[in-house]
Amino acid sequence: MGIIKSGKVVIMLAGRYAGRKAVVVKVSEDGSSGKRFGNCIVAGIDRYPRKVVKNMGKAKLEKRCKIKPFVKAVNFNHIMPTRYTADFELKKVVDESSLKSESRVDTRKNLKKILEEKYKNQTGKNDKKAGGAQYFFKKLRF
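None of these values were measured; they are calculated from a predicted model. (Residues numbered from 1 in each chain as written. Predicted model: local features only at pLDDT ≥ 70, side-chain atom pairs only at ≥ 80, totals over all residues. Heavy atoms only, no water.)

1. Observations concerning the sheet that holds strand S5 (residues 79-85)
Stage number 1. In spatial order, the strands read S4-S3-S2-S1-S5; together these five strands make up an open sheet with antiparallel pairing. In this open sheet, the two strands that pair with only one neighbour each are strand S4 (68-75) and S5. In this sheet, neighbouring strand axes are inclined to one another by 35° on average, regardless of whether the strands run parallel or antiparallel.
Stage number 2. Where helix H2 (residues 101-120) meets the sheet, it contacts strand S3 (39-47) and S4, and its direction lies at approximately 115° from that of S4. (Pairing = 2+ DSSP bridges. Helix = DSSP H or I, 4+ residues; strand = E, 2+ residues; numbered from the N terminus. Axes fitted to C-alpha atoms, helices over the stretch in contact; angles between N-to-C directions. Contact = heavy atoms within 4.5 Å.)

Printed below as a string of structure tokens:
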């Protein structure tokens with residue numbers, strides 16, 4: 001798939017995380033020994049951060065900025081690419097070994113720290129890469 005590359009924001013179409021947004025971390029065009037179909041490893045948001053306004057206190061703001069991430073290997077048929085890209089450095093945290101059940105919890109904890117940090121330190125709306133990050137952190141409304 002020429003469209004689906006690392007860093008592309010996609011929407012999950014099937015399964016438990018249907019309707020959730022995710023970022024492509026690694027693409028496997030031909031598949032691997034375990035999965036004989038084209039797939040990609042995605043890292044996404046299961047529970048989105050809630051709305052924040054200026055007059056909220058620090059404790060409330062901290063609580064509302066929480067994110068619940070997920071990591072998954074997905075068939076290309078079950079994702080829809082968007083026009084947005086996100087410049088998150090997730091390759092160091094998420095790889096094929098992190099999908100095993102023993103290391104998945106640690107991977108999700110590290111991913112949670114990275115995503116919450118990125119969410120809190122977003123830049124202005126005019127930057128193209130920032131637009132992808134803004135889109136990624138908003139819940140899909142349909």
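2. Overview of the nonpolar core
What tends to happen in soluble globular proteins is that the nonpolar side chains get buried as a cluster.
Stage number 1. Ranked by size, the top nonpolar core spans 22 residues in total, and within it Phe88, Val94, Leu115, Phe136 and Phe137 carry the most contacts.
Stage number 2. Once residues lying within four places of it in the same chain are set aside, the contact partners of phenylalanine 137 are Ile45, Tyr48, Pro49, Ile67, Phe88, Leu115, Lys118, Tyr119 and Gln122.
Stage number 3. Membership of the second largest hydrophobic core comes to twelve residues, among which are Ile4, Val24, Cys40 and Ile79. (Core = buried A, V, L, I, M, F, W, Y, C linked by side-chain atoms within 4.5 Å. Buried < 20%, exposed > 50% of the residue type's maximum accessible area, 1.4 Å probe, protein only.)

3. Describing the environment of serine 97
Stage number 1. By secondary structure assignment, the location of serine 97 is in the loop between S5 and H2.
Stage number 2. Residue serine 97 is classed as partly exposed on the basis of its relative accessible area, which comes to 41%.
Stage number 3. For the pair serine 97 and lysine 138, spaced 41 residues apart in the sequence, the C-alpha separation amounts to 29 Å.

4. Section: the layout of surface pockets
Stage number 1. Roughly 360 Å³ of volume is contained in the largest pocket.
Stage number 2. Residue lining of the largest pocket: 13 residues in total, with Pro49, Arg50, Lys51, Tyr119 and Lys138 positioned closest to the centre.
Stage number 3. Along the lines of polarity and charge, the residues of the lining of the largest pocket split into six nonpolar, two polar and five charged.
Stage number 4. The space that makes up the second largest pocket amounts to roughly 250 Å³.
Stage number 5. Taken together, 13 residues line the second largest pocket, and the ones lying closest to its centre are Lys35, Ile41, Ala73, Glu96 and Leu99.
Stage number 6. Those elements that place two or more of their residues in the lining of the second largest pocket are S3 and S4. (1 Å grid on protein atoms, 1.4 Å probe; cavity = no way out; pocket = protein on both sides within 12 Å on 5 of 7 lines; lining within 4 Å. Points joined across faces, edges and corners; volume = space filled by probe spheres on them. Nonpolar A, V, L, I, M, F, W, Y, C, P; charged D, E, K, R; others polar.)

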